[in-house]
Amino acid sequence: MGIEDASMRNGRALSDQWADSVVVRPRTTEQHITVHKRLVLGFAISILTLIIVTAIAITLSVSFERCAAESSGALAANSSSNSKWKQSRDGNISHRDSEDGQQPWRHLRLPATLRPRHYDLRLSVYMENFTFSGEVNIEFECVHSTKLIVLHTDRLEVEKVLVYSDSKKAGAMRIQRRFHYQPKQVYVIALHREMKPLRTYKINITFHAHIEHELLGFFRSSYVLNGERRFLAVTQFSPTHARKAFPCFDEPIYKATFRVSLKHESSYQSLSNMPVEASTSDEDGWVTNHFSRTPRMSTYYLAWAVCNFTYREAVTDNGVVIRLYARPDAIQSGSGDYALHITKRLLQFYQDYFKVKYSLPKLDLLAVPKHPYAAMENWGLSVFVEQKILLDPEVSSFSYQMELTMVVVHEICHQWFGDLVTPVWWEDVWLKEGFAHYFEYIGADFLFPKWNMEKQRFLTDVLHEVMLLDGLASSHPISQEVFEATDIDRVFDWIAYKKGAALIRMLANVMGQPLFQRGLNDYLMTHMYGNAARDDLWNKFSEAMQREGKDINITQVMDRWTLQMGYPVVTISKNDSLDNSVTISQEHFVYDTDAKIQNPELFNKSFQWQIPLTLAVGNSSHISTESIIWVSNKTETHRVGHMDGETWLLGNINQTGYFRVNYDLHNWRLLIQQLMTNPMIISVGNRAGLIDDVFNLARAGYLPQNVPLQMISYLSQETEFLPWHAASRALYQLDKLLDRTEDHSLFSDYVLRHVEPKYHKLGWPASSPDGSFMQAAYQTEELQREVMMLACSFGNKHCHRQAVSLISDWISSNKNRIPPNVRDIVYCTGVSLMDEDVWEFIWMKFHSSTAISEKKVLLEALTCSDNIFLLNRLLNLSLTSDLVPDQDVIDVIIHVGRNPLGRHLAWRYFREKWDILNNRYGEALFMNSKLISGVTEFLNTEAELNELKEFILTSGGESAPAFTRAVEIVQANVKWHILFQEQFYRWLRKAPDG
């Protein structure tokens, strides 16, 4: 649940959770002692008592330290501790109420007794042996009386600790004991005397550690320039890895200011969040850069890098200096120019949209060879993996350019949603990730209006994709409670990113853009440099609505969407009566309807949403203006416009809502007939939505299997890219289910019958007299590419001959004349059809290419081979060769698994190499989940299901959400074959040729 009280967001309302008995020491009072026999006797007794008490204290101390070192029993009982954790966040439990409270280092959250104000961090970086040493001075305020300082450290060797009071009393405070408690990655300092509320203190800690090879904390990477291997070191602190680089209060709510100083050899340069304020050089060839003080920020947004990159620079109209740092050869070739150019425009766009200025004097974009994620939005120093920011326009396809654009737009948005205003705790990480993902499409529309991203590509790439995941019984609410540290990484999934974006888009459409922008401005202005929870956002939106006389309780509406898992399917049925009424019902959509029977406690009647259903009525020549109906009950009856037997209903206009829509079969038939005769009556967004809904409703058993197959028969008349894209996504999913069945050709032939007319009409990209290919308009080019991909994938002979011809020409002339926008299609088709020499040729080109985008396309093409030996060789090479970036290793395994001939090979390889893969990607759970789902999603036999279950048991993966989802998906695949395969093929055998 969200923390609403402002004092709690500042850390004031959390209670002290330990007893004074932890650090018991007898206090002595200075007394004037007169030499008297009775007094001497009394004094002797006092001394004896003191010795006894001291002995007891030492015994307790030994027991205390032994207990602190234990890794087991961190929480006495799950339910009890979770309850206490919730209570502690509400400030309802006294620090003496429980024995657990005496050992706050055992809790997930830091005790709220102290609040950091400022860090002074000085580091010396030794690149020759990949180590670093540091000294941090932390100024903090005492909120509640305590003798304990608990902060985070992980993999750091702490050398010396000193604590100072702000009082006039000179000297360091006496430390009774200090120790590291690894299970919670905290360091505990027990003082001799209490720190007092409203007083400030300072702690000085010196430490040293390794610059890790693992891509978290402060890690190293390398690249080759002119035959020489060069190294760099960079940070990745999100979500909980700042503690690997320096001792800190490593939770989002503990915002503070930072001053960073980096000392290193002068052959390197260093970067951090802020500009260099001063630089000093030593006689021994070392330099120290002192960076300016940061604004208040969370620890996980602090960043630095030590490298020998070069840069390109741009300056905004407001004087913000933007630099893109990368390998010298990448900068020289201009590969970073595109990202630099759009970043300059985006900073101005976001300032105008949010009406809040960018807060820092500079913004650096750093392109690194290896990174656990696509990018990280560190304030003022955003770090990108090279594939997501470097662009060679000569060889990069449009899809690559679009993907790169979206990543940059996403990270720049985070400078406001995340850096400036940060979620209170990880349960609401979607507040920053959902907004950044939504604004990928708003920002891209600003940069390239003709792309029409928010109204079109958002549907297929966000809405349709996340509804596949959120339709599983193993899904979870977008706001997840976090009880253990391992839960933190798990909240960074597609539910947070894509469902968050879809809900924000739905709300923006309900409110209207002007009110939506006003609410965002109020939210950012109120919480800048601080933290916020979801209720803070809802309150600002409600206030914006109320000022316009619209009394909608946004909290009440949105809590149903954020605190419940999944989404509804809304069923609209015409009534037989003559009053033009329809019955509208809602229920929780799940692919496995048996889950409701198997888990009745989870799928009870409480799953209900307040749904903003937009509805229109149409016929062969006209569609009405949409009206909005708020659906709050399980079943409702509403009157709509005039209807007759040929009138159809259409819900969720332009798919602005986060739900599926089903109809009675007669209405489905009317909609299909409309698409066949005059599809343009229905908007392009709704045409794509109808395709996605009909395939998924059939997959889940809500509709007969022939209904989606009948719908795609209209595609030869479809002139827009988006419905084709929606259809291709659905058809590829079906193809992977069927590609190992005996009657697969029935399906592929049926698809080709409806694809080939459009394929032959559009043809291949046109060439100019000099042999180069002319670029068409965006929508035309994307439609042509989508149809070509379907034609080649499903076996069109002309498409195959054309691809083979282009590959052969490349090999014979050593000149690549293949248009960049279709290279992935041509490469893959050629590798799958031609001999081993072509595979070796593509492998050689992968080695020699310096263009990041081209290397990625070449590598994925190698997975298309029908030669098991070559696929196995590729899998082994990708895992052992430095030539293949970490993220691409995952893509190689997944793409081999999508190849029907390589599916079982990839699955076997995944199991055999699991320990290596898990060690490499285990902490980067986002990548690990992508790997697990990608390898398993197309397994569909009973034997493969049993292998999966057995593997999970033997590998200890029972608790991993990715494995839980994998089992559910494979079970659904197996179940579909049992229930629907025969029905599916029976209809295809009787299907008309037209």
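Going by an unreviewed UniProt entry, the protein carries the name Aminopeptidase and comes from Cirrhinus molitorella. UniProt, in the comment section headed Subcellular location (unreviewed entry), describes the protein in these words: "Membrane". One UniProt comment on the protein, placed under Subunit (unreviewed entry), says "Homodimer; disulfide-linked."

**Student:** Outline the overall build of the protein, supporting the account with residue identities and numerical values.
**Tutor:** Secondary structure assignment for the protein yields 31 helices and 28 strands. Across the 994 residues of the protein, 59% fall into the buried class. Contacts in the protein between residues at least 24 apart in sequence constitute 73% of all its contacts with a sequence separation of at least 6. Only carbon and sulfur atoms are counted for the fraction: they give 51% of the accessible area of the protein, which is about 39,500 Å².

**Student:** An account of the packing of aromatic side chains is requested, with residue identities and associated values reported.
**Tutor:** What characterises a pair of aromatic rings is the spacing of the ring centres plus the angle enclosed by the ring planes. Tallied over the entire structure, the rule returns 71 aromatic pairs. Ring plane angle 40° and centroid distance 6.1 Å describe the contact between F607 and W609, whose orientation is recorded as tilted. Here F607 matches W609 in class, with each residue buried. Seen in terms of ring centroids, F747 and F794 are 5.9 Å apart; in terms of plane orientation they differ by 75°. Their pairing is edge-to-face. Here F794 lies in the loop between α20 (778-793) and α21 (797-813) and F747 lies in helix α19 (residues 744-762), a separation of 47 residues in the sequence.

**Student:** Before we move on, could you go through the pattern of salt bridges and cite the residues and values that matter?
**Tutor:** Taken as a whole and judged by the stated rule, the model has 54 salt bridges. Measuring nitrogen to oxygen at the nearest pair gives 3.8 Å for the salt bridge that ties E947 to R911. Within this pair, whereas E947 is found in helix α30 (residues 942-955), its partner R911 is found in helix α27 (residues 903-912), the two being separated by 36 residues in sequence. Overall, the relative accessible area of 24% leaves E947 in the partly exposed class. A residue is classified by how much of its surface remains accessible, and R911, at 24% relative accessible area, is partly exposed. Bridged by salt links that share partners, the residues K856, E860, D888, D891 and K930 form one connected network.

**Student:** So what's going on with the sheet that holds strand β22 (residues 568-574)? Which residues, and what values?
**Tutor:** Strand order in the open sheet formed by four strands is β26-β23-β22-β28, and the pairing between neighbours is mixed. One side of each edge strand has no neighbouring strand; the edge strands of this open sheet are β26 (635-639) and β28 (660-663). Neighbour-to-neighbour, the strand axes of the sheet open up by a mean angle of 25°, direction not taken into account. For β22 and β28, the ladder comprises four bridges, and the chain directions are parallel. Paired with V570 across the bridge in β28 is V661.

**Student:** Kindly report on the UniProt feature "active site" (unreviewed entry) in the protein, identifying the contributing residues and their values.
**Tutor:** As annotated in UniProt, the feature "active site" (unreviewed entry) corresponds to E411 in the numbering used here. You can see E411 is positioned in helix α6 (residues 398-413). Residues within four places of E411 in sequence aside, it is in contact with A375, M376, E377 and F384. In terms of polar contacts, E411 uses its side chain to reach the backbone amide nitrogen of E377, at 3.3 Å.

**Student:** Pulling in residues and values, what's your account of the sheet that holds strand β7 (residues 200-210)?
**Tutor:** Reading across the sheet, the seven strands line up as β4-β7-β2-β1-β10-β13-β12 and stay open at both edges, with mixed pairing between neighbours. Both edges of this open sheet fall to β4 (157-165) and β12 (276-281), since each of them pairs with a single strand only. Taking each pair of neighbouring strands and ignoring which way they run, the sheet shows an average axis angle of 15°. Sheet topology places strand β2 (residues 131-142) next to β7; 11 bridges connect them, and they run antiparallel. Paired with E135 across the two strands is T206, which belongs to β7.

**Student:** Quick one: what's the story with the state of the cysteines, residue by residue and with numbers?
**Tutor:** According to the stated counting rule, one finds two disulfides in the structure shown. Note that C792 is cross-linked by a disulfide to C799, the S-S spacing being 1.9 Å. Judged by the torsion about the S-S bond (-90°), the C792/C799 disulfide is left-handed. There is no split in this pair, since C792 and C799 are both buried. Paired by a disulfide, C828 and C864 hold their sulfur atoms 2.0 Å apart.

**Student:** Give a description of the nonpolar core that names residues and reports values.
**Tutor:** Judged by nonpolar contacts, the single largest core of 303 residues is most densely connected at F246, F354, W416, F439, F516 and F747. Counting 16 residues, the second largest nonpolar core, distinct from the first, contains L215, L225, C307 and V383.

**Student:** Please give an account of the pairing of strand β23 (residues 581-588) that cites residues and values.
**Tutor:** Where β22 and β23 come together, seven bridges link them in antiparallel fashion. When the sheet's bridge partners are listed, V569 is paired in β23 with E587. Connecting β22 to the antiparallel partner β23 that follows it, the hairpin turn spans six residues, and N580 within it adopts a positive phi of roughly 55°.

**Student:** Could you give me a rundown of the pairing of β12, with the residues and numbers involved?
**Tutor:** Here β12 pairs with strand β13 (residues 286-291) via five bridges, running antiparallel. Within β13, the position partnered with V276 by the bridge is F291.

**Student:** Tell me what's going on with unusual backbone geometry, and back it up with residues and numbers.
**Tutor:** Note the cis peptide between S238 and P239, where omega equals -5°. For P239, the position within the fold is in the loop between β9 (228-236) and β10 (257-265). Positioned with a positive phi, R155 is a non-glycine residue whose angle comes to about 65°. Tracing the backbone through its elements, the reader meets R155 in the loop between β3 (146-152) and β4. One non-glycine residue, N226, lies in positive phi territory at about 55°.

**Student:** Can you explain empty space enclosed by the protein? Please cite residues and give values.
**Tutor:** By the definition in use, this model includes seven cavities of 30 Å³ or more. The computed volume of the second largest cavity comes to approximately 60 Å³. Contributing to the lining of the second largest cavity are L650, G651, N652, Q655, V661, Y663, W668, N686, G689, L690 and D693. Listed by contribution, the elements that provide at least two residues to the lining of the second largest cavity are β27 (648-651), β28 and α16 (684-699). Among the elements that take part in the lining of the second largest cavity, α16 stands out by supplying four residues, more than any other. For the lining of the second largest cavity, the per-class residue count stands at five nonpolar, five polar and one charged.

**Student:** Outline helix α12 (residues 534-547), listing residues and values.
**Tutor:** The end-to-end C-alpha separation of α12 is 20 Å, in line with the 20 Å expected for 14 residues at 1.5 Å each. For α12, the tally of buried residues reaches 10 of 14 residues, placing the bulk of the element in the interior. Among the residues of α12, those classed as buried are R534, D535, D536, L537, W538, K540, F541, S542, A544 and M545. Positive phi shows up at G549, right after α12, with a value of about 75°.

**Student:** How would you explain the packing of α27 against α30 if you had to name every residue and give the values?
**Tutor:** Between α27 and α30, the shortest axis-to-axis distance is 12 Å and the interhelical angle comes to 10°. When the interaxial angle is binned, α27 and α30 end up roughly parallel. Note on element contacts: α30 touches α27 through E944, E947, L948 and F951, opposite H904, W907, F910 and R911. Class assignment for the residues of the contact of α27 with α30 results in four nonpolar, one polar and three charged.

**Student:** For the environment of A508, give the residues involved together with the corresponding values.
**Tutor:** Relative to the elements of secondary structure, A508 occurs in helix α10 (residues 494-511). Considered as a pair, A508 and F541 are 33 residues apart in the sequence and their alpha carbons are 9.8 Å apart. Contact partners of A508, with chain neighbours within four places excluded, come to Y438, Q513 and F516.

**Student:** Give me helix α31 (residues 961-990): which residues, what numbers.
**Tutor:** Between its first and last C-alpha, α31 extends 42 Å over 30 residues, near the 44 Å set by a 1.5 Å rise per residue. The sharpest bend along α31 reaches about 55° and sits at F980.

**Student:** Tell me about the side chain of E194, and name the residues and values.
**Tutor:** One can find E194 in strand β6 (residues 186-195). Residue classification places E194 among the buried positions, given a relative accessible area of 17%. A distance of 3.4 Å separates a polar atom in the side chain of E194 from a polar atom in the side chain of K196.

What counts and how
Residues numbered from 1 in each chain as written. Predicted model: local features only at pLDDT ≥ 70, side-chain atom pairs only at ≥ 80, totals over all residues. Heavy atoms only, no water. UniProt positions renumbered as here; feature names shortened; annotations may be inferred. Helix = DSSP H or I, 4+ residues; strand = E, 2+ residues; numbered from the N terminus. Buried < 20%, exposed > 50% of the residue type's maximum accessible area, 1.4 Å probe, protein only. Contact = heavy atoms within 4.5 Å. Areas by Shrake-Rupley, 256 points an atom, 1.4 Å probe, with all protein chains shown as cover. Phe/Tyr/Trp six-rings, centres within 6.5 Å; stacked < 30°, edge-to-face > 60°. Salt bridge = Lys/Arg side-chain N within 4 Å of Asp/Glu carboxyl O. Pairing = 2+ DSSP bridges. Axes fitted to C-alpha atoms, helices over the stretch in contact; angles between N-to-C directions. Polar contact = N/O pair within 3.5 Å; in protein donor to acceptor, adjacent residues only side chain to side chain. Disulfide = S-S within 2.5 Å. Core = buried A, V, L, I, M, F, W, Y, C linked by side-chain atoms within 4.5 Å. 1 Å grid on protein atoms, 1.4 Å probe; cavity = no way out; pocket = protein on both sides within 12 Å on 5 of 7 lines; lining within 4 Å. Points joined across faces, edges and corners; volume = space filled by probe spheres on them. Nonpolar A, V, L, I, M, F, W, Y, C, P; charged D, E, K, R; others polar. Expected span 1.5 Å × (residues − 1). Parallel < 35°, antiparallel > 145°, perpendicular 65-115°, else oblique. Bend = angle between axes of the 7 residues up to and from the residue.

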